[in-house]
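Summary of the model geometry
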Amino acid sequence: MKSTFQVSKIILFAIVVALAIFPFVSDSRTWTILLTQIFIFSILAMSYDILLGYTGIVSFGHAMFFGMGAYATAIMLDRFEPTIGIFVLSIAVGMCIAGIISFLVGLLTLRLKSHFFAMLTMAVSGLFLVLAEKWRTLTFGNDGFTFKAPEIFKDRMMYYLLVLGCLVLVYLLLRRFVDSPLGRVLIAVRENEQRTKSLGFQTLHYKVIASVVAGVIASLAGSLYAVSLRFVNTSVLTMDITLDALLMTIIGGVGTLIGPIIGAGVIELAQHYLSGLAKEHPIFERWIIFFGIVYILAVIFFPKGIVGTVKHLFWKRKNPIKIAISSKRKGIAK
Amino acid sequence: MELLINLLINGLATGMLIFLLAAGLTLIFGLMDVLNFAHGGLFAWGAFSGVWFYGVTNSFTLAILGAILTGVILGFITEKLIITPVYGNHVQQILITLGFMIVLSEMLKVVFGPNQLAAKTPPLLSGSWEIGDVIIIKYRLFIIIIGFIVFGVFQFILKRTKIGLVVRAGVMNKEMVQALGINIKQVFLYVFMAGAGLAALSGVLMAPYSGVIYAEMGMEFAILAFIVVVIGGMGSFPGSLLAAILVGLAGSFMAYYVPALSLAVNMMLMAIVLIFRPQGLFTAKG
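Residues and elements named next belong to chain B. Taking 1.5 Å as the rise per residue, helix H9 (residues 217-232) with 16 residues should run 22 Å; its terminal C-alpha atoms sit 22 Å apart, in good agreement. Counting buried positions along H9 gives 15 out of 16 residues, so the element sits mostly inside the fold. At the exit of H9 stands Gly 233, carrying a positive phi of roughly 100°.

With that settled, consider the packing of helix H2 (residues 29-55) of chain A against helix H7 (residues 156-179) of chain A. A pair of packed helices is characterised by two quantities: the angle between their axes and the separation of those axes. Residue and element names in this part refer to chain A. Between H2 and H7, the shortest axis-to-axis distance is 9 Å and the interhelical angle comes to 20°. Our classification of the angle between H2 and H7 gives roughly parallel. Seen from above, H2 lies across H7 with left-handed handedness. Residues belonging to the contact of H2 with H7 are distributed by class as follows: 19 nonpolar, 3 polar and 3 charged.

All names here are of chain B. A cluster of nonpolar side chains, Met 1, Leu 3, Leu 4, Tyr 256, Tyr 257, Val 258, Leu 261, Met 268, Ile 272 and Phe 276, forms an exposed patch at the surface whose accessible area comes to about 1000 Å². Every element with two or more residues in the nonpolar patch is listed here: helix H1 (2-32), helix H10 (237-257) and helix H11 (265-276). Mapping Tyr 256 onto the fold places it in helix H10.

Moving on, we get to the side chain of B:Asn36. Residue and element names in this part refer to chain B. The topology assignment puts Asn 36 in the loop between H1 and helix H2 (39-57). A distance of 3.0 Å separates a polar side-chain atom of Asn 36 from the backbone nitrogen of Ala 38. With residues up to four places along the chain from it excluded, the contact list for Asn 36 reads Leu 25, Leu 42, Thr 97, Phe 192 and Phe 226.

All right, on to the interface of chain B and chain A then. If you look at the interface, chain B gives 38 residues, while chain A gives 34 residues. Linking chain B to chain A there are 0 salt bridges. The interface formed by chain B and chain A contains 2 residue pairs in polar contact (both at pLDDT 80 or more). Taken together, the elements giving at least two residues each to the side of chain B that touches chain A come down to helix H3 (60-83), helix H4 (90-112), H9 and H11 of chain B. A per-element tally of the side of chain B that touches chain A places H4(B) first, with 16 residues. Split by residue class, the side of chain B that touches chain A holds 31 nonpolar, 4 polar and 3 charged.

To continue, consider unusual backbone geometry. One non-glycine residue, A:Leu257, lies in positive phi territory at about 70°. Structurally, the position occupied by A:Leu257 is in the loop between helix H11 (239-252) and helix H12 (258-276). We classify A:Leu257 as buried; its relative accessible area is 0%. Of note, the phi angle at B:Asn58 is positive, near 60°, even though the residue is not glycine.

Moving on: the packing of aromatic side chains. All names here are of chain B. Evaluation of the coordinates by the stated rule reveals 26 aromatic pairs over all chains. Measuring from ring centre to ring centre gives 5.0 Å for Phe 43 and Phe 221, while their planes differ by 15°; the resulting arrangement is stacked. One end of the pair, Phe 43, is in helix H2; the other, Phe 221, is in helix H9, and 178 residues separate them in sequence. Exposure class is identical for Phe 43 and Phe 221. Each is buried. Put simply, the rings of Phe 19, Phe 151, Phe 154 and Phe 237 pair up and form one aromatic cluster.

Conventions used here
Residues numbered from 1 in each chain as written. Chains lettered and ligands numbered in written order. Predicted model: local features only at pLDDT ≥ 70, side-chain atom pairs only at ≥ 80, totals over all residues. Heavy atoms only, no water. Helix = DSSP H or I, 4+ residues; strand = E, 2+ residues; numbered from the N terminus. Expected span 1.5 Å × (residues − 1). Buried < 20%, exposed > 50% of the residue type's maximum accessible area, 1.4 Å probe, protein only. Axes fitted to C-alpha atoms, helices over the stretch in contact; angles between N-to-C directions. Parallel < 35°, antiparallel > 145°, perpendicular 65-115°, else oblique. Left-handed = near helix turned anticlockwise from the far one by under 90°. Nonpolar A, V, L, I, M, F, W, Y, C, P; charged D, E, K, R; others polar. Patch = residues over 30% accessible without salt bridge, like charges linked within 9 Å, V, L, I, M, F, W, Y side chains within 5 Å. Areas by Shrake-Rupley, 256 points an atom, 1.4 Å probe, with all protein chains shown as cover. Salt bridge = Lys/Arg side-chain N within 4 Å of Asp/Glu carboxyl O. Polar contact = N/O pair within 3.5 Å; in protein donor to acceptor, adjacent residues only side chain to side chain. Contact = heavy atoms within 4.5 Å. Phe/Tyr/Trp six-rings, centres within 6.5 Å; stacked < 30°, edge-to-face > 60°.

So this is what it looks like as structure tokens:
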């Protein structure tokens, strides 16, 4: 196991270096923008994976944290000067708001069973959407508003590098987080909440921590997203954002961190190409239908997603006995 | 006074539409322990197919029957393809029914086009009565009557027939029902199809009420139906009627008196109920 671990680390490092050099080699604007989008959604999907993949709770309100970050940055850059300092400050403000809100919402709702939690998060997120639509003096509602990004980000390449840096940083932080003792407890909650409770862990506290971490990271993704578009409207708070994060996490592989990144890449690229195919046949305008079907098939047949399935195959080849035991255990758990 | 009566009728009519949607949802949840996030998709399919049938046959009765048929067939497909593989796993159920919701609403756009369609009120039901100063719109009254009829019929089936007995017993303890030699899976399927049919009925009645129909209406109404199911108590049929009327009335009165809060009031109602009485106002037992 140890050697493959090292190899995968080296491969990851090589990919990051390749991505960092990419804008210096190629001057394709489309690709720079597309990759920036992928990185931002990777951050969002990873944060969602902390909830879905590691703690085993389904939230339908993740878009509200994304939207908080987006609005915090957009409003502050618009009202004050568009400088780097304000940009960093606005990210911090967005994260703080998201942290506080996710703490309060989590404390109230995480006691409930999965169904109720899913619905209540949907409702709270709906409240924030309504708030943003109505509070027009601040948000300009559905019309949204444009704002100036800091001077240095006029260069798309600089922004690309910044987002890539954020992605790597968030990945490392979250990897550290899920490998920590605290992260292990979250996995225990996912596997069997009753048993974790009986071992003496106050599972509610751990679930709230997971939801705060996920909310804060989602807010960062939102801030980066707003600056990448230099425009914000209420679409950042809609269910579609949550659905995107959900699709990316499920298709890429839940509970892996790398999975959501790959999922984000697959979905953004496929979206790019499939909507390009719309000229050939109008069905491609409804490209999301393919994802819906792939997603349903993934939930039924590949609940582990791309990364999980690949890992599973590799592991099976190396440790046929271990896998037999683990699948037997799963049978009992059912 | 006439304002009060108008608001009351508006609220009741909206409440009835939500009730039809929530009734299926609450029975499916109570019996099968499945929260069907695709329910709104069945509702939207009911609305679109109803408008299509009305355009083809020019008969509102046939449109309603056609929509219900569409709903029941879709319900059959949903249960067999989507729900059966993931019985017992809550997280997977939530995920998969939400995925099916996406497919259903995108399929709507493929079949009927991405634009919103206009829905006409049938001539017999359009117009209104004037009693003194009070104007009663016929169609709204029609919805309210249909709602009460459906409630009566289902209440009769649940309380007075064999299948109703099995369903009620299943809500209370499905393992025991199975142990007594009843094929509960078959009952699940029937209840799911009935719930889907009710959702489609709600959709087709909704179409002339709102005037326009669009694919996203499924999700918007499904959220209201979820709220109703939570407030009324999961699995409680009368509870969902009362909660639906409550939500409908709250919506119509708030929209008039405090319009800024009209969209938020239902969510607040649900949040309050969930925090202080998580099992809902009514419980399924008894």
